[in-house]
Each structure stands twice: as structure tokens, then as C-alpha cells.
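Understanding the architecture of this molecule
Spelled out from the first residue to the last, the chains are:
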Amino acid sequence: MRRALLLSSLLAVACPKQEPRELSVAEAAQRFNAGAATPVDANTPEYRDAAGWVPGAVLLSDFAQYPLSELPTDKARPLVFYCTSRM
């Protein structure tokens, strides 16, 4: 249930040499299950504690400004970013 809540917000996949685009929850889940993409969680730590996160996700320290060193070093594997889009 918690995973569905997180993935119901905007999903975007970033691939080398491609513009980011939106994904459906089903497409994102399929990529995660196949090991074809890395989930990247841009939620706050407080929100993650309350709602959970996608297993295996890279947890960014800050959604607006984070060091690039927090991203995976494998540049060939697509990244799927997600957050709650709360303000």
C-alpha cells in the first residue's frame, strides 16, 4: 500500500541522451522488477519515515539540491525519480 501511494505521484525516467519523460506506475514497477531502472526517492526523510519508500531506491538528501555523488555511478542504467510533489 505504501509503495502504491509513493508511486501514484509523478514519475519521470531520465536516460542518457534522452529527455526525461513521465511513466505510469505500472511501467515503473515493471522496470524496477526487471532490474531495468533504478528508483530515486526525492521525498524528505520525515515523509519516508511516515509513508515508506520503494525497496532499493536511492534516497536523496534533499529534493531541490543534492550532491551528484548521491546518484548511482552506472550512467547506462535509467533512473526513475519520484516524490509526493507536496509544498
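Being a predicted model, the structure only gives us computed values, none of them experimental. (Residues numbered from 1 in each chain as written. Predicted model: local features only at pLDDT ≥ 70, side-chain atom pairs only at ≥ 80, totals over all residues. Heavy atoms only, no water.)

1. Let's talk about the pattern of salt bridges
Across all of its chains, the model carries three salt bridges by this definition. Close ionic contact of Arg21 with Glu27 constitutes a salt bridge, the shortest N to O distance being 3.1 Å. Residue classification places Glu27 among the partly exposed residues on the basis of a relative accessible area of 24%. The partner of Arg48 in a salt bridge is Asp41, with the nearest N and O atoms 3.2 Å apart. Asp41 sits in the buried class, given a relative accessible area of 0%. (Salt bridge = Lys/Arg side-chain N within 4 Å of Asp/Glu carboxyl O. Buried < 20%, exposed > 50% of the residue type's maximum accessible area, 1.4 Å probe, protein only.)

2. Comments concerning the confidence of the model for the protein chain
Any segment with low pLDDT has predicted coordinates that should not be analysed in fine detail. Per-residue pLDDT for the protein chain has a mean of 80; in total, 77% of the residues score no lower than 70. Across the protein chain, element-level confidence peaks in strand S4 (residues 58–59) with a mean pLDDT of 96 and bottoms out in helix H1 (residues 2–7) with 42. Ignoring residues within four places in sequence, the model shows residues 1–10, a span with pLDDT below 50, making 25 contacts including any to other chains. (pLDDT = per-residue confidence, 0-100. Helix = DSSP H or I, 4+ residues; strand = E, 2+ residues; numbered from the N terminus. Contact = heavy atoms within 4.5 Å.)

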